[in-house]
Structure formats: C-alpha cells, structure tokens
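Summary of the model geometry
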Amino acid sequence: MRRYPWAEVLVFEILYISILYPTPHHAYRVVLLAAAVYLAMQIYLNLEVTDQLATTHSVGCAIASKFMFMAYLLLAEGSFPDHWRRVRDEVNAKAGAGGSDKLPSNLSSAKKLWWMLDIAYSVRMIGWVQEPRDCMPPHPPPSRRTFLWKTLLKFIMNTVTADLMISTLALTPSFDHRLHDPADGSETYLAAVPFFRRIPYTLAWGIGTGASISAMHNALAFVCVGLGQSNPTLWPDLCGRWGDAYTVRKIWGYVL
Amino acid sequence: MPCFPLICWSENPVDQTLVGLGRLIANEFLKFPRGTNRSSYTQLYVVFFLSGLVHFGGDFIVERRMVYGSFKFSLLQAVAITFEDLVIYITKRSLRWGGIELKPGRDDESWAGVVARIVGYCWVTLWFCWTLPIRLDELSALGLGITDRKPIAQFLVDTWGQWA
C-alpha cells in the first residue's frame, strides 16, 4: 500500500521554520539548511506517488517555493534577520530610545519564536516594513464586524463562482483522463480542441482557479480575524480586479 | 536605448519572493543599473524562470522524470510581456503623432482607451488559449485534471432534471 510521507513533510516544515529563527549565528542556519536540502532530496526522489495526485503535486511545488522564499529572506534584500522588521515593531522601536532592542536578533526568546513563525508564513510581507506599496489590493479598514461581513459575502461569491466554473469542465475529454484510452498522449487533451473553441474552457479554468484560491484566502481570513487572532487590515484581497486583465503583464502582476 | 513604457516589472503580491530574487540577480550579481531595460527584462525572465522551477518541483514529484511544460509555459509568459511592451510602445508612439494620447486604465474612458482595453482582453484570452495546453495537458494525462461536477452545480442539474 502506498504511504503518504507525512512524517518527512512535517520534519521538513519544522526545519524550514527553524532556519528562520532570528539568531545572528550563520552556522546554525547552514547546518539546518543542509539538513533541509537532504530531506527535500529524499522527498523528491523517494516519495511514492499517492492516489491524491493533486496533494502530491502541491507538496513538490510547496517545497520548491519554500526554498525560494528562504533564498529571498537570506540573500536578496539585506542582512538576516535584522533587515526584516514588522511595522508594529518599527512603531514601538521609534517610541523607545534608539529602538535597537526591537531588532529581531535582540528580541526575547519567546518573541523570537513568534517572529520566526510570523515571517515563515508572510510570503506577501503584509505588515512588514518590506511590504510592496504599489501593487497590493487596498488594506481593509480596521472594523472587525464590517470585515467579517464583507469577507463572508466574498467567500460565498467566490465559492459559487469556482463551483460553477470548474463544473463546466466536468467530464470533458479536454481535462479528464478517465475519458481517454491509456495510450492517448497529452496532445489529445486541450490542445486537440480547435483553437477558438478553447475560449470557454480557458475562461472557465482561469476564473474558476482564481475564485478557488480567493475562496480559500477568504475562509482563512474569516477564521483568523473572527477568532480575534489577526487584524482585518492585514488581510487585503489575494487577487486584483479581473477588469485589469487586459495585458499579460497586468494579469500576472496585479490580477493573479 | 529606446525608453519602453511599462518596463518596470510590477510586483505581484504573491510572487514578491521571486521579484526579490530577480532584483538580486539583475542588480547585485549582474550589476545592471536599476531602472534600465537590461535590469527590468532580466528581472522579468528570472522571475518567470523561477516560477517555472517551482512548478517543475510539483511536476517532477508526480511524473518521476524531467518535464519541461512548466518552464515552457512560464518563459512564454515573459516572451509575451516583452512582445506586448514593444507593441504598446509602437502603438503609443504612432498614436501620439496623430494627436491621440493613450492611457488605457481605469481612469481612461476615451474611445481609444476603451478600444485598447477590448483589444487587450481579446489578446489575453487568445494568448492563454494557446499556452494553457502547454501547462495543463501533461498533468491532465496523468490524472491531475479530473473535474467532477461540484456540489452547487450538481444540485442545479438535479433540480433542473426534476423540473424537466
């Protein structure tokens, strides 16, 4: 029976988070990074593909993207960890004398752990000094009740949209291998549909995929803000307006 | 050097990571000055190459072999952006000679702006009609593209069936 490697993936996740512990000692990070690389190779080369193909595929993408994010944090912008500061730390730092005690490497151990967890999952850098200014959808106002109501409506809208759009692709030979002979090559799928007849499939797939990930983001925002663990202003929309999708640059830069 | 409009690669909020790595390679490793075409387009191609690499990780783990659909799809997006920058530059220059200033955006409701947006929507749709099979077909052949009807659509179909 094929086994999903939950243990390996969990250990990799712990290593990934631990690498981002805000210590100035680079040797610590090098050792953990080497262990993470070894484990990732084990997962890539030895993982048994389970029947849950989408999950297996997302594990492969997630590990690669975590290495990208680590490279970005450790190499791309400035010295790690003190280059990466949260806006709230920055505000507090200005209130104090000099503010150097608010640098990540000078935080207390408990605060370092929270900082580490925070940066490991802040891929969009929202709430950090490094947050991009010119392309993010607007931050919601701080009213919790308004945010929850609007997010619930967006969640319903995105869920219905994703459901209907993806359902239009159901049981079509352009996507579903169950309707093909096992010997059929990949060129017998969407590429086999005449060019202009691909338009409804393309639109349904694009809008359905965008709505699915937005619905997941809405659900997460609703839970985190609803439980009082997060501020509404930290949850701008994930995707931009579809009305801006009139160039390929804009669709990748602003919409998706 | 021609001064292309829209050369600054806008920062996708989700792909901030890749944009940062693109800047590192273009400005720190290759020492291209910021704000130049060399720097912007190097960042553009690096970002899409890295995006292909991330998806390659998923493809490899499922397929157990090297598959290049993700790279091809990602790099084609960079080529499309380069091409459309050139077309926008030439179109703007040509229209300026005719006295028309083109700024297709939310605030431009002139006929030229509306036409530019409609042309843009058509171009983007047709572009993805061409490139989406490159990304999806190999995964669909493996079984990643299974699309059963979702619950809301299934409910509507069942309700419609009872009525009809």
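Just so it is clear, the structure is predicted and the values come from calculations on it, not from any experiment. (Residues numbered from 1 in each chain as written. Chains lettered and ligands numbered in written order. Predicted model: local features only at pLDDT ≥ 70, side-chain atom pairs only at ≥ 80, totals over all residues.)

**Here's the deal with the overall build of chain B**
In terms of regular secondary structure, chain B is built from five helices and zero strands. In chain B, the order of α-helices and β-strands from amino to carboxyl end is α-α-α-α-α. In chain B, buried positions account for 34% of the 164 residues. Residue pairs in contact within chain B that sit at least 24 positions apart in sequence constitute 52% of those at least 6 positions apart. (Helix = DSSP H or I, 4+ residues; strand = E, 2+ residues; numbered from the N terminus. Buried ≥ 20, exposed ≤ 12 C-beta atoms within 10 Å, placed from the backbone. Contact = placed C-beta atoms within 7 Å.)

**Things to note about the overall build of chain A**
Of the regular secondary structure elements, chain A holds eight helices and zero strands. Order of helices (α) and strands (β) in chain A, N terminus to C terminus: α-α-α-α-α-α-α-α. Within chain A, counting contacts between residues at least 6 apart in sequence, those at least 24 apart form 64% of the total.

**Examining the interface of chain A and chain B**
Each side of the interface is counted separately: chain A has 59 residues, and chain B has 54 residues. Of all elements in the fold, only helix H3 (53–76), helix H6 (144–167), helix H7 (199–226) and helix H8 (248–255) of chain A reach the threshold of two or more residues within the side of chain A that touches chain B. With 17 residues, H3(A) is the single largest residue contributor to the side of chain A that touches chain B. Split by residue class, the side of chain A that touches chain B holds 39 nonpolar, 12 polar and eight charged. (Nonpolar A, V, L, I, M, F, W, Y, C, P; charged D, E, K, R; others polar.)

**What about the packing of H6(A) against H7(A)?**
Residues and elements named next belong to chain A. Packing of H6 against H7 leaves a shortest axis separation of 7 Å and a crossing angle of 150°. Viewed along their axes, H6 and H7 adopt a mutual orientation that is roughly antiparallel. Handedness of the H6/H7 crossing: left-handed. Among the residues making up the contact of H6 with H7, the classes are represented as 15 nonpolar, nine polar and two charged. (Axes fitted to C-alpha atoms, helices over the stretch in contact; angles between N-to-C directions. Parallel < 35°, antiparallel > 145°, perpendicular 65-115°, else oblique. Left-handed = near helix turned anticlockwise from the far one by under 90°.)

**Comments concerning the confidence of the model for chain A**
Chain-level pLDDT for chain A is 87 on average; 93% of the residues reach the 70-or-more range. Within chain A, the lowest mean pLDDT, 65, falls on helix H4 (residues 87–95) of chain A, and the highest, 95, falls on H6(A). (pLDDT = per-residue confidence, 0-100.)

**Let's talk about unusual backbone geometry**
Residues and elements named next belong to chain A. Of note, the bond from phenylalanine 80 into proline 81 is cis; its omega dihedral lies within 30 degrees of zero at 5°. Here proline 81 is to be found in the loop between H3 and H4. The phi angle at methionine 125 is positive, at roughly 60°, despite the residue not being glycine.

**Some thoughts on the nonpolar core**
Formed by 43 residues in total, the largest nonpolar core has its most connected members in Met68(A), Leu73(A), Leu21(B), Val47(B) and Leu50(B). Of the domains in this structure, domain 1 (6–120) and domain 2 (144–255) of chain A are the two that each give at least three residues to this core. Setting aside residues up to four positions removed in sequence, Leu73(A) forms contacts with Leu20(A), Phe80(A), Trp84(A) and Ile119(A). Counting 13 residues, the second largest nonpolar core, distinct from the first, contains Phe175(A), Tyr189(A), Leu190(A) and Ala215(A). (Core = buried A, V, L, I, M, F, W, Y, C linked by C-beta atoms within 7 Å. Domains from an automatic or database assignment.)

**Points about the packing of H3(A) against helix H1 (residues 16–29) of chain B**
One way to put it is that H3(A) packs onto H1(B) with a least axis distance of 9 Å and a crossing angle of 45°. When the axis of H3(A) is compared with that of H1(B), the two are oblique. Relative to H1(B), the crossing made by H3(A) is left-handed. Note on element contacts: H1(B) touches H3(A) through Thr17(B), Leu18(B), Gly20(B), Leu21(B), Arg23(B) and Leu24(B), opposite Met68(A), Phe69(A), Ala71(A), Tyr72(A), Leu75(A) and Ala76(A). Of the residues contributing to the contact of H3(A) with H1(B), the split by class is nine nonpolar, two polar and one charged.

**Focus on the confidence of the model for chain B**
On average, residues of chain B score 82 in pLDDT, and 86% of them reach the 70 mark or higher. This model gives residues 1–14 of chain B a pLDDT under 50, and the stretch forms 37 contacts once residues within four places in sequence are excluded.

**Description of the environment of Ala7(A)**
Mapping Ala7(A) onto the fold places it in helix H1 (residues 6–19). Considered as a pair, Ala7(A) and His57(A) are 50 residues apart in the sequence and their alpha carbons are 17 Å apart.

**Describing the domain arrangement of chain A**
By domain assignment, chain A separates into domain 1 (6–120) and domain 2 (144–255). A separation of 28 Å is found between the C-alpha centroids of domain 1 of chain A and domain 2 of chain A.

**A few points about the environment of Ala191(A)**
Residue and element names in this part refer to chain A. Structurally, the position occupied by alanine 191 is in the loop between H6 and H7. With 18 C-beta atoms packed within 10 Å, alanine 191 lands in the partly exposed category. Along the chain, alanine 191 and tryptophan 235 lie 44 residues apart, while their C-alpha atoms are 38 Å from each other.

**Some thoughts on H7(A)**
The first and last C-alpha atoms of H7(A) sit 39 Å apart over 28 residues, in line with the 40 Å expected at 1.5 Å per residue. Those residues of H7(A) hidden inside the fold are in contact with H6 of chain A together with helix H4 (111–142) of chain B. Backbone geometry just after H7(A) places Gly228(A) at a positive phi near 80°. (Expected span 1.5 Å × (residues − 1).)

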